[in-house]
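Examining the three-dimensional arrangement
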Amino acid sequence: MPSKRITKKPATEPAIVPFILPGTIIPEKNYSDAFPIVGIGASAGGLAAFEAFFSGLPSDIEPGMAFVLVQHLAPDHKSLLTELIRRCTRMQVFEVEDGMVVQRNCVYIIPPNHDMAFLNGTLHLLEPSAPRGQRLPIDFFFRSLAQDQCECAIGIVLSGTGSDGTLGVRAIKGEGGMVIVQVPETSDFDGMPRSVIATGLADYVLPPAEMAAQLIAYAAHAYGKLPRSAAVDMTKSESALKKIFILLRSQTGHDFSNYKPSTINRRIDRRMAVHQIAEIGSYMKYLQQTPSEAEALFRDLLIGVTNFFRDPEVFELLEKDIIPKLFASKPAGGVVRVWSTGCSTGEEAYSIAILLQERMETLKQNYTVQVFATDIDSRAIAIARAGLYPASIAADITPERLARFFSTEPDGCTFRIHKSIRDMLVFSEQDVIKDPPFSKLDLISCRNLLIYLGMQLQKRLIPLFHYALKPDGILLLGTSEGVGDFTGLFPVLDRKSKLFQRKENYQVRPSMSLGRTLPRSLPLDHTTTAGSKKMTFPVKLQLRELTEQALLQQLAASSALVNWHGDILYLHGRTGMYLELTPGEVGISNILKMAREGLRRDLTMALHKAVGSKGVVRCSGLRVQTNGHFTLVNLTVSPVLAGPLATPESYLYLVILEEVSTIATEILQPTALLAEPKEINVELDAESRIAILKQELRAKDEYLQSTHEELESSNEELKSSNEEMQSVNEELQSTNEELETSKEELQSVNEELATVNNELQTKVIDLSRANNDMNNLLAGTGIGTVFVDYQLRILRFTPAASTIINLIPSDVGRPVAHIVSNLLDYDSLVVDTQEVLNTLIFKEVAVQTVEGLWYTMRIQPYRTLDNVIEGAVISFIDITETVRTRNDLHKANKLMRLAVVVRDAHDAITMQNLQGSILAWNPGAVRIYGWSESEALAMNVRDRIPLEEREEALVRLQQLSQAEILEPYSTQRITKQGSVIKVSITSTALLNEVGEVYAIATTERAIREITQ
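Residues numbered from 1 in each chain as written. Predicted model: local features only at pLDDT ≥ 70, side-chain atom pairs only at ≥ 80, totals over all residues. Heavy atoms only, no water.

1. Quick word on the overall build of the chain
Along the backbone of the chain there are 27 helices and 36 strands. Burial analysis of the chain (1012 residues in total) assigns 43% to the buried set. Taking the intrachain contacts of the chain between residues at least 6 apart in sequence as the baseline, contacts between residues at least 24 apart amount to 64%. About 54,700 Å² of surface is accessible on the chain, with carbon and sulfur atoms providing 54% of the total. (Helix = DSSP H or I, 4+ residues; strand = E, 2+ residues; numbered from the N terminus. Buried < 20%, exposed > 50% of the residue type's maximum accessible area, 1.4 Å probe, protein only. Contact = heavy atoms within 4.5 Å. Areas by Shrake-Rupley, 256 points an atom, 1.4 Å probe, with all protein chains shown as cover.)

So this is what it looks like as structure tokens:
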């Protein structure tokens, strides 16, 4: 067993300073790397609980512990749990691989189709040995965690059906760990939480969101600071501890002062951590003020780690060697007595009883088997008496024994021990330290009890067991226990299994052992007198009891207590004169069948009359044949009330047989003689009549006897029918067990499916959100997109695509070739798409719709995340504005080139509208005429024409407005300086899109200047 590990915390955090009993040896340990390991088990509905738990962890501090999640997962489905938990915590989350080392502030998740165990700080994966539907991964992991980590093991049980985790929690508590359970009302499935809560082992019952805060507070107190012996006030701790023992003894009646100090230290340390109390003195005061805490501490001190057939090698040795020897020395019908001390919840006692029953079945003989199972824990005894256990016991019992000796309860989550095994055991609440023991025992099983007791108690118990056992009786101890210095009392049979045999010739005084087990209220010095070898108990009997005992001795009438059928329940006095056994198989003793001649008829009538009337019936002077002669007997049948709430069917009847004394007979005879002289004639006449009546009575008696025989025959037939019904019932029970097994498998599969469904539901929500985001993205960009499969069938499309290709929702699934598009001069969509699928090279084409809109059509392969081509994606990107801009730019480029010609030309190039306003004026015109461009644009062409030339200029303008072509001509123009120059003009009419003249362009070249 690993040593206790305590994690150092900052000095600002409160910490427990564990007390140390005087004489306790504290080994040197390395606490520097110790940290608690939290195992979290869940089944159906566990995902929401996991998320709530991790969401409750504080974000500003590290928890300082490791978390291992064990959930019922579908073996053939990849788990998404790791991915989902990563969203809820900032700690690192791993799916466990075999041999993974556990580190603090990390989360580890069991993979599907594996069992997981904890050993030396690492997680190990194993192939499941149990069939699907019967696997208990939470119990398996919790047990290994408890064995490896002891006090540093913490178990949390969340939502789930069934009882997986219950036995694992018991193991964690047995090693001093802590347990938290989800509040059943907050879980989707409350089977697992309620199963753990029913054991009474839960330290906290909380909603998942509140568990993290309580867990961190507990860890800070339980593992907060390494104890230092110099800081411990030994006197104060010892005084507080003694007061704790006094409080426990006053409230529970049990003294723990002689238990091992290490056991007491661990248990009290744990309770102090649960309540976050730092000092032993403060805890003592809390214990004094809180009566329920005394009960909780008492339960913690009594936690028994037990299960069916624990240590299989030991039980195999019992089955093959020890138990056969117990029966070998017994005759058929003999008595085998076994005592299981410290039986806890009864698993070990039932295991021994099963082995005894199997041995009797092998021998095919009947024996009286008595298994006494005792414990001081009343709650554990109540569980043992009920014989009801969680379904997780299937991991400890072979399927054959499970089917033979257990039945499944209707809820499918528990097993009940068969009545045949239950009837072999007697459970009682007993303190082996102070209560008298059983005696004449063949076997005593005291496993894992002595290890918790001090040496003084052990030295008292071993001689006690020697007294209780028969010669050559067997003592079975735990694997870590022994008989100490009493090897002379118990030689070793098997050292490994700790089997010992009582040594018969060892001289031991039984009074020494028994005297120490008597209650302290009985003073031992008054039980014996000096020089007296006889033990007497000065018990004062009540006068009533003394009187009744004396009367019974003087007036000892023979009597029998029977039920309304006549079955004998109790005999008192010498009844052999009136009752005798009938020949044949002996079953239940019935007084009507055992009655001697002369008594049976009247006894039958009297009993029936008493049953009907519920009154006393008397019959006097019955002549009963006894040992060859007749005896006069007075018969009385009186109802007896079994209790204040007794029903008529539960009434009992006291049959009293009282012999008539000879004095009474002699008194009766003279009386009869005195009466004879007066009635001689009457008696003589009546003799014949009496003979007739006797014959009639004899005939009726024969008739009743035949009727009775017929009733017995009918009873035999009913018994045969009952046996047939029992056979049918066994077949139905077998079928029911098969159905229960199928139900368990289906329930397990349902849990796995529920887990998968929760994961998939979360995934569906994520995918739905991603799908909505993608749809909004595609709709927001306005890009028309069509998805087609490898056969060019339409899979989906965006709304923008329906304006380019005539698509409606019902077109999904149709080949794209069947769809009419709105594209001009493009009909190779199918060919281009097929080419992209063949070459896996994307293709871009500019297309135009009938509305004049332009699009860039891009066809590219559709690739999955696994790089598999499953179709193509056709995208239409609107480039209408781009095309227009390009055309305008092309036109602008042309105009720019023309503008360069106009700018750099030596001639004057101008433009005017039909009213003569100047619209354009190039640099050449500035050089020839002198007006700047801005000045010219504000002028009319008439301002540059001399008066004598204006009429001719108007004629030419009119000709040009009618789109007539004019030959170059010479004329005169006025400059800015007022001079007139002769110029050669070429005029051109400018036409718009409809062929109308909107302006006139002129090219003017100066010929010579004319001086005015």
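More follows now that the structure is in view.
2. What to know about helix α3 (residues 137-149)
For α3, which comprises 13 residues, the first-to-last C-alpha distance of 18 Å matches the rise-based estimate of 18 Å (1.5 Å per residue) to within 8%. Most of α3 sits out of view: 10 of its 13 residues are buried. Considered for burial, the residues of α3 that qualify are Pro137, Ile138, Asp139, Phe141, Phe142, Ser144, Leu145, Ala146, Asp148 and Gln149. With its phi angle positive at about 55 degrees, Cys150 sits one or two positions after the end of α3. (Expected span 1.5 Å × (residues − 1).)

3. A closer look at the packing of aromatic side chains
All chains considered together, the criterion is met by 18 aromatic pairs. On the numbers, 5.9 Å between centres and 70 degrees between planes, the contact of Phe256 with Phe298 is edge-to-face. In this pair, Phe256 sits in the loop between α7 (234-252) and α8 (261-274) while Phe298 sits in helix α10 (residues 291-301), placing the two residues 42 residues apart along the sequence. Accessibility classification places Phe256 together with Phe298 in one group, the buried group. Ring plane angle 70 degrees and centroid distance 5.4 Å describe the contact between Trp339 and Phe438, whose orientation is recorded as edge-to-face. Of the two residues, Trp339 is situated in strand β11 (residues 335-341) and Phe438 in the loop between β16 (425-429) and β17 (441-446); the sequence distance between them amounts to 99 residues. Pair check on accessibility: Trp339 and Phe438 agree, each one buried. (Phe/Tyr/Trp six-rings, centres within 6.5 Å; stacked < 30°, edge-to-face > 60°.)

4. Thoughts on unusual backbone geometry
The backbone phi angle of Asn113 is positive, close to 60 degrees, even though this residue is not glycine. In this fold, Asn113 is placed in the loop between β5 (106-109) and β6 (115-119). Here Asn113 falls in the partly exposed class, since its relative accessible area comes to 29%. We note that Asn867 has phi near 60 degrees; this positive angle belongs to a residue other than glycine. One can find Asn867 in the loop between β30 (854-863) and β31 (869-878).

5. Thoughts on the side chain of Asp832
Assignment of secondary structure puts Asp832 in helix α23 (residues 829-839). On the basis of relative accessible area, Asp832 is assigned to the buried category, the value being 5%.

6. Observations concerning the sheet that holds strand β15 (residues 414-417)
Pairing is antiparallel across the open sheet formed by 3 strands, whose spatial order is β13-β15-β14. Edge positions in the open sheet fall to β13 (388-390) and β14 (406-408), since each of these has one partner strand only. On average, each strand axis in the sheet is tilted by 35 degrees relative to the strand beside it, whichever way the strands run. (Pairing = 2+ DSSP bridges. Axes fitted to C-alpha atoms, helices over the stretch in contact; angles between N-to-C directions.)

7. Some details on the UniProt feature "active site" (unreviewed entry) in the chain
The feature "active site" (unreviewed entry), as given by UniProt, occupies Ser43, His72 and Asp164 in the numbering adopted here. The greatest C-alpha distance among the annotated residues, which extend across 122 residues, is 9.7 Å, indicating that they converge on a single site. For Ser43, the position within the fold is in the loop between β1 (37-42) and α1 (46-55). Apart from the residues within four sequence positions on either side, Ser43 is in contact with Gln71, His72, Ser159, Gly160, Thr161, Met192, Glu751 and Thr755. In terms of polar contacts, Ser43 uses its side chain to reach the side chain of His72, at 3.1 Å. Checked against the element boundaries, His72 lands in the loop between β2 (66-71) and α2 (81-86). (UniProt positions renumbered as here; feature names shortened; annotations may be inferred. Polar contact = N/O pair within 3.5 Å; in protein donor to acceptor, adjacent residues only side chain to side chain.)

8. A closer look at the pattern of salt bridges
Inspection of every chain in the model, using the stated rule, returns 30 salt bridges. One salt bridge connects Glu319 with Arg401, and the closest N-O pair in it is separated by 3.4 Å. Placement of Glu319 in helix α11 (residues 312-328) and of Arg401 in helix α14 (residues 399-405) is noted, with a sequence separation of 82 residues between them. By relative accessible area, which is 35% here, Glu319 ends up partly exposed. When the shortest N-O distance is used, the salt bridge between Glu844 and Arg858 registers 2.5 Å. One end of the pair, Glu844, is in strand β29 (residues 843-849); the other, Arg858, is in strand β30, with 14 residues separating them in the sequence. By relative accessible area, Arg858 is classed as partly exposed at 23%. Overlapping salt bridges, with partners in common, bring together Glu83, Arg87, Asp766 and Arg769 in one network. (Salt bridge = Lys/Arg side-chain N within 4 Å of Asp/Glu carboxyl O.)

9. Considerations on a negative patch on the surface
Among the surface-exposed residues, Glu709, Glu710, Glu712, Glu716, Glu717, Glu723 and Glu724 lie close enough to one another that they form a single negatively charged patch. Relative to the helices and strands, Glu724 is located in helix α22 (residues 680-781). (Patch = residues over 30% accessible without salt bridge, like charges linked within 9 Å, V, L, I, M, F, W, Y side chains within 5 Å. Lys, Arg positive; Asp, Glu negative; His and termini not counted. Charge placed at Lys NZ, Arg CZ, Asp CG, Glu CD.)

10. A word on the sheet that holds strand β21 (residues 558-562)
Judged by pairing direction, the sheet is antiparallel, and its 5 strands sit side by side in the order β22-β21-β25-β24-β23 without closing on themselves. Looking along the sheet, the strands with just one partner apiece sit at the ends: β22 (568-572) and β23 (617-626). Neighbour-to-neighbour, the strand axes of this sheet turn through a mean angle of 25 degrees, independent of strand direction. Sheet topology places β23 next to strand β24 (residues 629-640); 8 bridges connect them, and they run antiparallel. Bridge pairing links Cys619 to Leu635 in β24.

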